[in-house]
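Read off the chains here:
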Amino acid sequence: MRPIRSLLLPILAVAVAAPGMLAAPPAQAQNFFERLFGIKPERPPVPPRGLPEAPPAPAAPGEPGPPAAPEAPRPAPAPARPIVLKTPSEDGVIGQDLQLNGLSGTLKLERSGTAITARIKLPGTKISQPAESCTVPLAGGNPVTLSAEGKPEGVPRFEAAGAECPLRFDVTEGGVLVSSLGAGPICTFSAADCATTPVGLWGPAAATLIPRAGEFDTARGVADKAVRDNYKLMTQRARREDVRPIVSEQAAFSSDREQLCRTYAREGTHGFCHLRVTENRALALATRLGANTATPTAAVAPRRPRPKPAVEGMNPDAAGGGDVLPE
């Protein structure tokens with residue numbers, strides 16, 4: 001009887017608990033049988049680690065796709081600053097014998113105490129015989145005192161407003177840009193029968209500039225880039241109605257530079273005039289942009305291809321770099 005009772009007790013317990021189990025959720029009923037018969041539940045499967053997840057299925061046409069991940073905020077760009085080249089000093093031309101376009105006339109700046117004076121002989125053509133040349137010494141060959149006008153265009157400026165031929169002198173590196181303060185570019189001296197046009201770049205003779213042609217060419221790339229960058233910055237800062245005059249001014253500068261420098265002696269060989277006029281233009285734009293021209297900024301020169309170094313054991317005279325020489 002005892003074995004029979006031991007078998008009937010679990011059955012009766014199940015029968016008594018059956019109504020409650022039927023009403024209980026399936027998970028609770030499963031837990032009851034596991035506790036009753038000592039069955040250990042199986043662990044849920046663990047997904048493998050390190051496996052790439054499948055990409056989301058593309059959305060059907062007309063249905064919105066999954067939301068895109070938000071982009072990280074980008075840092076605000078640093079405000080652009082004007083490019084400032086090295087500012088020329090009058091000390092670089094004091095005592096130098098300069099000529100208009102490196103050809104004719106003479107101009108020498110001298111220091112007299114704290115003042116700057118100029119001895120200048122203006123070249124021109126005879127009024128009565130335009131085919132013949134002439135020269136007129138300003139102030140009878142005596143030094144003309146110049147007034148210092150500061151650096152309104154980024155370079156030292158001097159003026160001889162009271163001379164017979166009123167002139168303005170803007171210093172460049174190794175030269176002086178001369179412009180007229182009168183009604184026109186021509187100064188006429190009736191007593192000397194001479195009409196002079198002193199406007200232009202007064203600088204060294206061409207023979208002293210040709211050996212430096214490579215140096216001028218490299219510096220020209222830096223100056224051109226400085227002009228472009230400063231010009232773009234000026235148009236960005238300007239109001240909409242002020243952009244057109246800036247564009248017109250920049251276009252006029254290119255043509256004026258070509259016209260001014262085409263008469264410089266051997267300009268196509270050394271490029272001295274184009275370089276100095278471009279450098280002064282870059283400094284003028286930087287000054288108008290509010291830059292301090294006393295502290296030049298770093299201007300990057302355009303990269304030039306470097307020659308490949310010679311390889312040991314190669315014949316440099318052979319085509320294509322040479323063949324290996326036999327030992």
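Keep in mind the model is a prediction, meaning the values are calculated, not measured.

### Thoughts on the overall build of the protein
Step number 1: Helix and strand content of the protein: seven helices and 11 strands.
Step number 2: Looking at the protein alone, contacts between residues at least 24 apart form 59% of all its contacts between residues at least 6 apart.

### Regarding the side chain of Arg276
Step number 1: Residue position: Arg276 is located in helix H7 (residues 272-288).
Step number 2: In this structure the side chain of Arg276 is engaged in a polar contact, spanning 2.7 Å, whose partner is the backbone oxygen of Glu173.

### Observations concerning the state of the cysteines
Step number 1: According to the stated counting rule, one finds three disulfides in the structure shown.
Step number 2: Between Cys134 and Cys194 runs a disulfide, and the two sulfur atoms are separated by 1.9 Å. Of note, the bridge from Cys134 to Cys194 carries an S-S torsion of about 85 degrees and is right-handed in sense. Note that Cys134 is positioned in strand E4 (residues 133-137) and Cys194 in strand E10 (residues 194-196), a separation of 60 residues in sequence.
Step number 3: By relative accessible area, Cys134 is classed as buried at 12%.
Step number 4: The disulfide partner of Cys261 is Cys273, and the S-S distance across this bridge is 2.1 Å. On the sign convention where negative means left-handed, the S-S torsion of about -75 degrees between Cys261 and Cys273 marks this disulfide as left-handed. Of the two residues, Cys261 is situated in helix H5 (residues 240-261) and Cys273 in helix H7; the sequence distance between them amounts to 12 residues. Like Cys261, the residue Cys273 is buried in the burial classification.
Step number 5: Along the protein, the cysteines that take part in disulfide bonds pair up as 1-4, 2-3, 5-6, counted in sequence order.

### So, unusual backbone geometry
Step number 1: The phi angle at Asn101 is positive, at roughly 60 degrees, despite the residue not being glycine.
Step number 2: Within the fold, Asn101 resides in the loop between strand E1 (98-100) and strand E2 (104-112).
Step number 3: Within the chain, Asp193 stands out as a residue other than glycine whose phi angle is a positive 55 degrees.
Step number 4: If you trace the backbone, Asp193 turns up in the loop between strand E9 (187-189) and E10.
Step number 5: Relative accessible area serves as the criterion here: at 23%, Asp193 is assigned to the partly exposed category.

### So, the pairing of strand E8 (residues 175-180)
Step number 1: Strand direction decides the pairing type here: strand E7 (residues 167-172) and E8, joined by six bridges, are antiparallel. The residue of E8 that forms the bridge with Arg168 is Ser179.
Step number 2: In textbook terms, the turn of a hairpin is the stretch between consecutive antiparallel strands, and for E7 and E8 this stretch comprises two residues, one of which, Gly174, has a positive phi near 85 degrees.
Step number 3: Sheet topology places E8 next to strand E11 (residues 200-203); three bridges connect them, and they run antiparallel. In the sheet register, Leu177 faces E11, and the bridge partner there is Leu201.

### Observations regarding the packing of H5 against H7
Step number 1: The interhelical angle for the contact between H5 and H7, taken along N-to-C directions, is 150 degrees, at an axis separation of 10 Å. Regarding the angle of H5 to H7, the classification is roughly antiparallel. As for the relative orientation of H5 and H7, their crossing is right-handed in sense. On H7, the residues that touch Glu249, Gln250, Phe253, Arg257, Glu258, Leu260 and Cys261 of H5 are Cys273, His274, Val277, Thr278, Arg281, Leu285 and Arg288.

### A look at the confidence of the model for the protein
Step number 1: For the protein, the mean per-residue pLDDT works out to 82, and 67% of the residues sit at or above 70.
Step number 2: Residue range residues 308-327 is modelled with pLDDT below 50. Its contacts to residues more than four positions away, or to other chains, number 12 contacts.

### Observations regarding the packing of aromatic side chains
Step number 1: All chains considered together, the criterion is met by two aromatic pairs.
Step number 2: With 5.7 Å between their ring centres and 55 degrees between their planes, Phe216 and Phe272 make a pair best called tilted. With Phe216 in helix H4 (residues 213-237) and Phe272 in helix H7, this residue pair connects regions lying 56 residues apart in the sequence. Pair check on accessibility: Phe216 and Phe272 agree, each one buried.
Step number 3: The interplanar angle of 50 degrees and the centroid separation of 5.9 Å between the aromatic rings of Tyr264 and Phe272 together place this pair among those described as tilted. The pair formed by Tyr264 and Phe272 is uniform in burial state, with each residue classed as buried.
Step number 4: Here the aromatic residues Phe216, Tyr264 and Phe272 are joined through ring pairs into a cluster of three or more.
Step number 5: Over the face of the ring belonging to Phe253 we find Arg281, whose NZ or CZ atom lies 5.2 Å from the ring centre.

### A closer look at H7
Step number 1: Look at H7: 25 Å from first C-alpha to last across 17 residues, which is about the 24 Å you get at 1.5 Å a residue.
Step number 2: With respect to burial, H7 is a largely interior element, 15 of its 17 residues being buried.
Step number 3: Looking at the residues trailing H7, positive phi occurs at Gly290, about 90 degrees.

The rules behind the values
Residues numbered from 1 in each chain as written. Predicted model: local features only at pLDDT ≥ 70, side-chain atom pairs only at ≥ 80, totals over all residues. Heavy atoms only, no water. Helix = DSSP H or I, 4+ residues; strand = E, 2+ residues; numbered from the N terminus. Contact = heavy atoms within 4.5 Å. Polar contact = N/O pair within 3.5 Å; in protein donor to acceptor, adjacent residues only side chain to side chain. Disulfide = S-S within 2.5 Å. Buried < 20%, exposed > 50% of the residue type's maximum accessible area, 1.4 Å probe, protein only. Pairing = 2+ DSSP bridges. Axes fitted to C-alpha atoms, helices over the stretch in contact; angles between N-to-C directions. Parallel < 35°, antiparallel > 145°, perpendicular 65-115°, else oblique. Left-handed = near helix turned anticlockwise from the far one by under 90°. pLDDT = per-residue confidence, 0-100. Phe/Tyr/Trp six-rings, centres within 6.5 Å; stacked < 30°, edge-to-face > 60°. Lys NZ or Arg CZ within 6 Å of the ring centre and 35° of its normal. Expected span 1.5 Å × (residues − 1).

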